[in-house]
Amino acid sequence: MKKITKKISCLSDKQCDGHLILKHIDHTIKLKGRTVIVPDIEVWECDKCGECFYPYEASKKIDLYKEYSGRLMLRIEPEIHWKLTRIAKKHHRSLNQEVNHLLENTLK
Ligand SMILES: [Zn+2]
């Protein structure tokens, strides 16, 4: 198989003759004093000046994490709470994991 090695020049405003390398990183953002990690995003990092450039998809994912924390406080019927706890135990999941799993499948 032929390996494609295309070098992309650094896009920095500073005069830099480095090249960009595609990396998968966990991006850290600060939100209202809280540290939030955006997992597994693709960034182009310069091998010389270290500046990072974010492709559209990565920026979109970061924006999503800024807007939606994933923390949700809700009220449910005690009986549903009990049922969820039972199902979670049966599946060896935390209550959070179980609710996330159920919602994920429902929203597919
Ligand atoms: Zn550079």
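Within every chain, residues take consecutive numbers counted from 1 along the sequence as written. With the structure being a predicted model, the display of local features is reserved for residues of pLDDT at least 70 and the display and counting of side-chain atom pairs for 80 or more, all residues being used for whole-chain, interface and lining totals. As a rule here, side-chain values come from all non-hydrogen atoms in the structure, and water together with hydrogens is ignored.

(A) Representation of the coordination of the zinc ion within the structure. Counted as coordinating are nitrogen, oxygen and sulfur atoms within 2.8 Å of the metal, or 3.2 Å for Na, K and Ca, while water is not included, which may make sites look incomplete. Bound to the zinc ion on the protein side are C10 (SG), C16 (SG), C46 (SG) and C49 (SG), at distances that span 2.2 to 2.4 Å. Square planar and octahedral assignments, for four and six donors respectively, both demand that opposite donors be over 155 degrees apart and that all other angles lie between 65 and 115; tetrahedral needs four donors with all angles between 85 and 135 degrees, and anything else is irregular. For the zinc ion, the four donor atoms in the first shell make angles of 105 to 116 degrees at the metal, a pattern classed as tetrahedral. When the donor residues of the zinc ion are listed from N- to C-terminus, their spacing reads C-x5-C-x29-C-x2-C. Judged on exposure class, the residue C10 and its partner C16 are both buried. Accessible area is worked out with a 1.4 Å probe on protein chains only. A residue is then buried under 20% of its type maximum, exposed over 50%, and partly exposed in between.

(B) A look at the domain arrangement of the chain. Partitioning the chain into structural domains gives domain 1 (8-67) and domain 2 (72-108). Here the bounds of each domain stem from an automatic or database domain assignment. Of note, the centres of domain 1 and domain 2, computed from C-alpha atoms alone, are 34 Å apart.

(C) Quick peek at the layout of surface pockets. Roughly 700 Å³ of volume is contained in the largest pocket. Together, 16 residues line the largest pocket, and L74, N96, V99, N100 and L103 are the ones closest to its centre. Among the elements that take part in the lining of the largest pocket, helix α3 (residues 95-106) stands out by supplying seven residues, more than any other. Here the residues of the lining of the largest pocket are counted per class, giving 10 nonpolar, four polar and two charged. Space inside and on the surface of the protein is sampled on a 1 Å grid over the protein atoms alone, with a cavity defined as a set of points where a 1.4 Å probe fits but cannot get out and a pocket as an open set with protein on both sides within 12 Å along at least 5 of 7 lines; lining residues have an atom within 4 Å of a point. Grid points are joined across faces, edges and corners, and a volume is the space filled by probe spheres set on the points. In this description a helix means any DSSP run of H or I spanning at least four residues, a strand means any run of E spanning at least two, and both kinds are numbered starting from the N terminus. Here the nonpolar group is Ala, Val, Leu, Ile, Met, Phe, Trp, Tyr, Cys and Pro; Asp, Glu, Lys and Arg are the charged ones; every other residue, Gly included, is treated as polar.

(D) Examining unusual backbone geometry more closely. Of note in the backbone geometry, D40 takes a positive phi value of approximately 45 degrees without being a glycine. Checked against the element boundaries, D40 lands in strand β3 (residues 34-46). Unusually for a residue other than glycine, H92 sits at a positive phi of about 55 degrees. Judged by its relative accessible area of 75%, H92 is exposed.

(E) Molecular detail of the side chain of S12. Residue position: S12 is located in the loop between β1 (8-9) and β2 (19-31). Among the polar contacts listed, one links the side chain of S12 to the backbone nitrogen of K14, at a separation of 3.1 Å. Between N or O atoms, a polar contact is any pair within 3.5 Å; within protein, one atom must be a potential hydrogen donor and the other a potential acceptor, and residues adjacent in sequence are included only when both atoms are from side chains. Within the structure, the side chain of S12 is placed 3.0 Å from the side chain of E51, a separation counted as a polar contact.

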